[in-house]
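Inside the fold
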Amino acid sequence: MNPLAILLLTSSAALAADPAGIAFFEQKVRPVLVEHCYSCHSAEAKKLKGNLYLDSKSGWEKGGDSGESVIVPGKPEASLLIRTVQHLEADMEMPPKKPKLPDAVIADLVTWVKMGAPDPRDGVKIEAKRGDKSWWSLQPLAKQFAHDSIDGFITAKLAEKKLTLNPAADSRALIRRMSYDVIGLPPTVDEVETFAKAHQANPRQAIEALVDRLLASPRYGERWGRHWLDVIRFGESNGFERNFVIDDLWPFRDYVIKSINDDKPFNQFITEHLAGDVIGKDNPQMEVGSAFLVAGPYDDVGNQDIVAQKNIRAATLDDMITATSGAFLGLTINCARCHNHKFDPIPTEDYYRLRAAFEGVTHGRRVVATKEQRDAFAASTKPLAVELKKLEVERALLDQAIETRAKAAFAKTKFTRPKIDQNGTDESFAATEAKYVKFVIHSLTGDHQPAAKGKRGGGKLTEFQVWSAEDPNRNVALASHGTKAEGAKSATAEDFPEAYGPQYCIDGMLGEAWFIGEPAVLTLTFAQPEKINRITFINARGDRSIVEEKVRGATPCEYEVQVSSDGQTWRTVASDEGREPWTPAHGIARSRYDATTKNEQTKLAALDKQIATVQAKLKAVPALPQMWVGTHTQPKEPTFVHKGGDPMKPADAVLPASLSVLDQVTKPYELKPDADEGERRLKLAKWITSNENPLTPRVLANRVWQWHFGTGIVDTPSDFGFLGSKPTHPELLDYLASRIVANGWKLKPLHREVLLSQTYLQSAAYREEAAKEDKDARLLWRFPPRRLSAEELRDTMLTVGGKLQLEPMGGPGFRLYRYLANNVSTYVPLDTHGPESYRRAVYHQNARASVVDVLNDFDLPDIAFAAPKRANTTTPLQALTLLNHSFTLDMAKALAARIQTGDAVTQAYRFTFQREPSAKERAAAPQLIATHGTEAFCRALLNANELIYLE
């Protein structure tokens, strides 16, 4: 059956649960339900309340007495559970007779429902019981083993089930499997044939040579770097509602790829992630590693409310804590944010000890350069900076003298009219006939303020009215009368080109506004000449329940109203003359003109020219490189435990210290309350990577195993706690972890050991009798076949089409979406993928919440959270995309061009599958080409199961 038919027959109900959603449930939701809801709404409740069970998915779907689900996935506002914990339902506030849940906890529940309420509980209740420090993953690594090879552990476990390994895979299957596994790309047909000959002569020698070649390839770092970027939730936008692109985080991605290619010891690698700036000062290749801390999502809305600020900051640090504990330790320490961990022996103090290490870390960019670069920059800029300072001082002295006289003049000025009113300012004048009206803006209410520094910006007008001289008068400026408005705007929105334009000044509504640009002039053209005698300008939003001062923007306060009959000759009929200035600063600025002598004007102009010249020279000096690596400042106060996770309820202070969960197996540390910010992170890194710490090498070894075999020995790779899975081969896991430590934390020796094992080299052949004992092949009686990942699939299609550009490596990423940035960001998938995007998919600029055809269809994760284990779904959309997307059509066309000469069918099969066509294929292909053309034939090959599945 062709792959399209297979995929279309698969229902969407068979989709695998999103790992990120399940992780969010396990970390943020289940502990809350256990602590606050199970006592009344579970099978263990002494008295079930409302006939509502919350200890299973089916329970909340069935609902309570009403028979309606208490959660509406995607709609928290319609979910009774959310409304009751928000205290929005009278007499149903939950939990009953207890304080309202902390805002952070409620926010997590709302987020969960918005995600679609992912819930892995299939009706089997999980008892609210905790593991203790005797839990398997918290024990020291074993020192002695019953076997001295991977195969010994695997075959012993198989023997318990009376199973054996499969025979060895054939040479073609093996080189394809190993090439994709190690470098993420298919082998060439020449490589397949060369390996087949060598394998026939001396299998072991040929396989060893293949392993060594692949591990030495720069493509290895690109493949395995992508694995690691999944684990550490690397994304190139900040997420949340603004979700702006971060264009200078790619150096961290390149650092990861290079470090893995160089086989950097992983204890060093992890240390650089946490404290690269501390141990690698003036060494950008090391310093950039600490971008790990700020590579996750964060909320940058900048809420002015102190409670909101503290909650946002707590959530930002929670992301760092979650990423660190999950990636390196395989612990859900973030579950202890509000209370002691309900399942693992992690007290809430451990969470805040970890937080203490990150208190000084803030998202943002800063200079990352060598000492030589800094010295060269200083040598170029210091003399210019001295010269500029001298000129600025001279100008400031002259300016101060003028300012003194201007203040005196302003103090004597008498004003005949009130200052402008943002809710409506009128200017009347003698009746005059005009076809055009011009509103020339000289100053805004935001000008001449200390923060303005002489720059105009942020000006708005919601309405500009022009009144006829007749009785009753009418607003002849309205667009509904045929009037047109023109004027530069200071903001644009690619997804809404009309936004912020001057047309909103004449729409008759106090809603949308004109964002005043440069030149700051509004020009109105009437449908016919009008006799007018008054204008009104307004900068307000009507009766909305908002704080006007925060959304209004600056209002014109110094201006002229000009009229014209022909649009060429203008005369001023009104101005702000005589009005009280908006502020004394505006008044003084207005008085400066008369207070400045001609000689002073000449001198100021000369100084301004000299200053501009020096500034231009400074600007011409190449800037030091900046990167999104975060900034670090010394914490100003101790770290406090937050009662219930509420940052507004501080409890006892905690010290920057090691986690007590491992105090029986690792040497603890504790720092002083005022310990240096960098020392906190470095000490934590050294503790995490200590050879005594059993978790870090266990977690790392399990990840390596998972990426080779598809499933880890522990199939919850970032959770080695009570809710995680237990290892299928615990002794093997310790063996692998001890090998990592023994090899100096380098991974290539472990790769080599895995790749050369009979377990890895066996065939993927299906055996029904073995499947009855172990249907998922977790015991590895065969090599588990798999589908290509999203990146492998795209890279393969480019390779087959002869279009993949492997060089240069690294640098800024390419985009498969159109990025529209306004106050929030929009990502529009590109319908066509041009040659500029024909690089390896690891170099795609992955923005959170962006949708990318082909990649997202084949389970590229949206890294709002870490993705230690990717989803593996089968959907009709995958088949339709692979068959019809313009990218597939382009690659089919490219492949067709490659086989123009010679035996087209043979070449096509060699390029696509690295083999000769069978007799049946050789007979059928020419008929297809004759009927539908070469491109259709190539398109069919790109949709074949053989291309996208590995054995």
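Residues numbered from 1 in each chain as written. Predicted model: local features only at pLDDT ≥ 70, side-chain atom pairs only at ≥ 80, totals over all residues. Heavy atoms only, no water.

Below, the discussion takes up the overall build of the protein. Looking only at helices and strands, the protein has 32 helices and 18 strands in total. When its C-alpha atoms are laid out on the principal axes, the protein stretches across 105 × 75 × 70 Å. Pairs at least 24 residues apart make up 73% of the contacts formed inside the protein by residues separated by at least 6 positions. Carbon and sulfur atoms provide 53% of the accessible area of the protein, an area that totals close to 42900 Å². A distance of 2 Å separates the average location of the 120 positive side-chain charges in the protein from that of its 122 negative side-chain charges. (Helix = DSSP H or I, 4+ residues; strand = E, 2+ residues; numbered from the N terminus. Contact = heavy atoms within 4.5 Å. Areas by Shrake-Rupley, 256 points an atom, 1.4 Å probe, with all protein chains shown as cover. Lys, Arg positive; Asp, Glu negative; His and termini not counted. Charge placed at Lys NZ, Arg CZ, Asp CG, Glu CD.)

This paragraph deals with helix H27 (residues 876-884). When we look at burial in H27, the residues that qualify are Gln878, Ala879, Thr881 and Leu882. Along H27, the residues classed as buried sweep out an arc of 165° about the axis, all on the same side. (Buried < 20%, exposed > 50% of the residue type's maximum accessible area, 1.4 Å probe, protein only. Arc of directions from axis to C-beta.)

Right, let's get into unusual backbone geometry. Cis geometry is adopted by the peptide bond preceding Pro472, which originates at Asp471 and carries an omega value of 0°. Secondary-structure assignment places Pro472 in the loop between strand S5 (463-468) and strand S6 (484-486). Residue Pro519 is reached from Glu518 by a cis peptide bond, and omega for that bond is 0°. Among the secondary structure elements, Pro519 is positioned in the loop between strand S7 (514-515) and strand S8 (521-538). Of note, the phi angle at Phe240 is positive, near 55°, even though the residue is not glycine. A residue is classified by how much of its surface remains accessible, and Phe240, at 48% relative accessible area, is partly exposed. One non-glycine residue with positive phi stands out, namely Val854, at about 75°. Locating Val854 in the fold gives a position in the loop between strand S17 (825-829) and H27. Relative accessible area serves as the criterion here: at 3%, Val854 is assigned to the buried category.

To continue, consider the side chain of Asp55. Along the chain, the position of Asp55 falls in the loop between helix H2 (19-36) and helix H3 (57-62). Side-chain polar atoms of Asp55 contact the backbone nitrogen of Ala43, separated by 2.8 Å. (Polar contact = N/O pair within 3.5 Å; in protein donor to acceptor, adjacent residues only side chain to side chain.)

In total, this model carries 57 salt bridges according to the counting rule given. Asp230 is paired through a salt bridge with Arg870; the nearest N and O atoms lie 2.7 Å apart. Highlighted residues: Asp230 in helix H10 (residues 218-231) and Arg870 in the loop between S17 and H27, separated in sequence by 640 residues. One salt bridge connects Arg787 with Asp859, and the closest N-O pair in it is separated by 2.9 Å. Here Arg787, found in strand S15 (residues 786-787), pairs with Asp859, found in the loop between S17 and H27; they are 72 residues apart in sequence, far enough to count as distant. Overlapping salt bridges bring together Glu193, Asp903, Arg910, Glu916 and Arg922 as one network. (Salt bridge = Lys/Arg side-chain N within 4 Å of Asp/Glu carboxyl O.)

Per-residue pLDDT for the protein has a mean of 92; in total, 95% of the residues score no lower than 70. Overall, residues 451-455 carries pLDDT values under 50, and its contacts beyond four positions in sequence, including any with other chains, amount to three contacts. (pLDDT = per-residue confidence, 0-100.)

Looking now at the environment of Ala369. Considering the arrangement of structural elements, one finds Ala369 in the loop between strand S2 (366-367) and helix H16 (371-412). Classification of Ala369 by relative accessible area gives buried; the value is 0%. In sequence terms Ala369 and Ala520 are 151 residues apart; their C-alpha atoms lie 41 Å from each other. Beyond its immediate stretch of four places on either side in the chain, Ala369 contacts Asp282, Pro284, Arg374, Leu624 and Pro625.

This part is about the packing of aromatic side chains. Enumeration according to the criterion identifies 38 aromatic pairs in this entry. When the centroid spacing of 5.0 Å and the interplanar angle of 80° are considered together, the rings of Tyr817 and Tyr827 count as edge-to-face. In this pair, Tyr817 is assigned in strand S16 (residues 817-821) and Tyr827 in strand S17, connecting sequence segments 10 residues apart. Of the two residues, Tyr817 and Tyr827, both sit in the buried class. Members of the aromatic cluster, connected to one another through ring pairs, are Trp228, Phe234, Phe252, Tyr255, Phe266, Phe269, Phe292 and Phe328. Taking the ring centre of Phe887 as reference, the NZ or CZ of Arg794 above it sits at 4.9 Å. The ring of Phe911 carries the charged tip of Arg898 above its face, separated from the ring centre by 3.7 Å. (Phe/Tyr/Trp six-rings, centres within 6.5 Å; stacked < 30°, edge-to-face > 60°. Lys NZ or Arg CZ within 6 Å of the ring centre and 35° of its normal.)

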